[in-house]
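Spelled out from the first residue to the last, the chains are:
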Amino acid sequence: MKLSDFDFDLPEDLIATRPITPRSAAKLLVAEGDAIHDQHVGDLLTWFKPGDRLVLNDTKVIPARLFGQRFRDSAQGRVAAKVDVTLLEPRSDGCWAGLLKPLRKVKIGEEIVFSETLSAQLEAVEDGQGHLRFNLSGDDFDAALNEAGAMPLPPYIAAKRAADEQDKEDYQTVWAKNRGAVAAPTASLHFDTGLLQALADKGVTFTHVTLHVGAGTFLPVKVEDVTTHKMHAEWGSVSAAAAAEIKATKDAGGRVIPVGTTALRLIESAARDTGAIAPWEGETDIFIYPGFKFSVCDALMTNFHLPKSTLLMLVSALMGQERMKQVYAHAVAERYRFFSYGDASLLIP
């Protein structure tokens, strides 16, 4: 299975840099059987049935991009130099792992100042990442980070524009709860409270799980034989209550439909050992590509993914490679908007 099997031509102007407003007005491509239907997210009421269960990732994106300065004394006086930081994850020793630019110019023990209240010291460097110990913790740290930080927009958006205050709302789901992600579960960005209520009124049920999406989700696949690719690990949790809800839906003959690849990867991780959903917590590096046997997922709502990406391999595993080539060719021809702030698809095998 070659990396080139998952390539396609995408016009640059189809990469969305802002979401559609309101959220549920985004376009929705429904692929069911051999048919493709051009819809809008608000039309999900037509496609979801009473007894269906949507699995929602309730991770909360932190404003992980920080712009700071380090200071050193020189013959010309006190000199400042810029340091850009993208936080990746908290470590067990109380530090944060992060990407620093320029990492090689920051000395161990040196302080980086981000705002009047927030600063950090570089304690160590490991595998190209800096370990930062902040001057604040707990709620004080959260408040200072919210004030000083910017949303960590994906590279393909950040290359076109800087994050701003609007992204703090746009790049967060309406049900976000558990802080820890540095990228959003983007299919979920299409839901607003009105759509959720309308679905609930129809008899669609919801289960919340948590997968803290990491920056590794944007790492390119660098091997030609995709089966040898090593996935990044992300922390997730499926509670006993969530597992029981999903099992009850399966037992009753309802469909379990994850909203987003993160929710799908998590519930399939939780069913990996026995083939049945069970409570689960830990780091998952599950890699889903054609040939994978799905245990829990009956359909998937997801955005449109990058060429040669692991997420394109995932949807190809669910729907078939040739089928996804047809779906993506249709999406390009009909000018669907791609990637994190783009339009959505509902994939029904």
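Values in this document were obtained by computation on a predicted structure and should not be read as measured data. (Residues numbered from 1 in each chain as written. Predicted model: local features only at pLDDT ≥ 70, side-chain atom pairs only at ≥ 80, totals over all residues. Heavy atoms only, no water.)

**Quick word on the layout of surface pockets**
Consideration 1: Size it by volume and the largest pocket reaches roughly 1,300 Å³.
Consideration 2: Along the walls of the largest pocket sit 48 residues, with Thr86, Leu88, Leu99, Val182 and Ala215 positioned nearest its centre.
Consideration 3: Of the residues forming the lining of the largest pocket, the biggest block, six residues, is contributed by strand S6 (residues 77-90).
Consideration 4: The class makeup of the residues in the lining of the largest pocket is 24 nonpolar, twelve polar and twelve charged.
Consideration 5: Thr217, Phe218, His305, Leu306 and Leu311 are, among the 37 residues lining the second largest pocket, the residues nearest its centre.
Consideration 6: Of all elements in the fold, only helix H7 (261-270), strand S16 (300-303) and helix H8 (310-319) reach the threshold of two or more residues within the lining of the second largest pocket. (1 Å grid on protein atoms, 1.4 Å probe; cavity = no way out; pocket = protein on both sides within 12 Å on 5 of 7 lines; lining within 4 Å. Points joined across faces, edges and corners; volume = space filled by probe spheres on them. Helix = DSSP H or I, 4+ residues; strand = E, 2+ residues; numbered from the N terminus. Nonpolar A, V, L, I, M, F, W, Y, C, P; charged D, E, K, R; others polar.)

**Quick notes on H8**
Consideration 1: Buried residues dominate H8, accounting for ten of its ten residues.
Consideration 2: Regarding H8, the residues found buried are Thr310, Leu311, Leu312, Met313, Leu314, Val315, Ser316, Ala317, Leu318 and Met319.
Consideration 3: Tucked into the core, H8 has its buried residues touching strand S1 (27-32), H7, S16, helix H9 (321-333) and strand S17 (344-348). (Buried < 20%, exposed > 50% of the residue type's maximum accessible area, 1.4 Å probe, protein only. Contact = heavy atoms within 4.5 Å.)

**Digging into the sheet that holds S17**
Consideration 1: If you trace the four strands from one edge of the open sheet to the other, you get S2-S1-S17-S16, paired in mixed fashion. Looking at strand neighbours, the two that pair on one side only are strand S2 (35-40) and S16, the edges of this open sheet. With direction set aside, neighbouring strand axes in the sheet form an average angle of 25 degrees. (Pairing = 2+ DSSP bridges. Axes fitted to C-alpha atoms, helices over the stretch in contact; angles between N-to-C directions.)

**Considerations on the packing of H8 against H9**
For any two helices packed against each other, the geometry comes down to the angle between their axes and how far apart the axes lie.
Consideration 1: Packing of H8 against H9 brings their axes to within 7 Å, and their N-to-C directions diverge by 115 degrees. In terms of crossing hand, the pair formed by H8 and H9 is right-handed. Side by side, H8 and H9 meet where Leu312, Val315, Ser316 and Met319 of the first sit next to Gln321, Arg323, Met324 and Tyr328 of the second.
Consideration 2: Here the contact of H8 with H9 is built from residues that sort into five nonpolar, two polar and one charged. (Left-handed = near helix turned anticlockwise from the far one by under 90°.)

**As for the domain arrangement of the chain**
Consideration 1: The assigned domain composition of the chain is domain 1 (3-61 + 168-347) and domain 2 (65-150).
Consideration 2: Using C-alpha coordinates to define each centre, domain 1 is positioned 33 Å away from domain 2.
Consideration 3: Contacts between domain 1 and domain 2 engage four residues on the former and seven residues on the latter.
Consideration 4: Across the domain 1 to domain 2 interface the summed buried area is about 490 Å²; carbon plus sulfur atoms make up 42%.
Consideration 5: Contact with domain 2 buries surface across domain 1, with Lys168, Arg179 and Val182 losing the most and accounting together for 76% of the total.
Consideration 6: At the junction of domain 1 with domain 2, the criterion picks out one salt bridge. (Domains from an automatic or database assignment. Buried area = accessible area lost by both parts, 1.4 Å probe. Salt bridge = Lys/Arg side-chain N within 4 Å of Asp/Glu carboxyl O.)

**Regarding the environment of Pro258**
Consideration 1: When you line up the elements, Pro258 lands in strand S14 (residues 256-258).
Consideration 2: Taking the C-alpha atoms as reference points, Pro258 and Ala150, separated by 108 residues in sequence, lie 28 Å from one another.
Consideration 3: Residues in contact with Pro258, not counting those within four places in the same chain, are Val55, Ala263, Leu264, Ile267, Cys297, Ala299, Leu300 and Met301.

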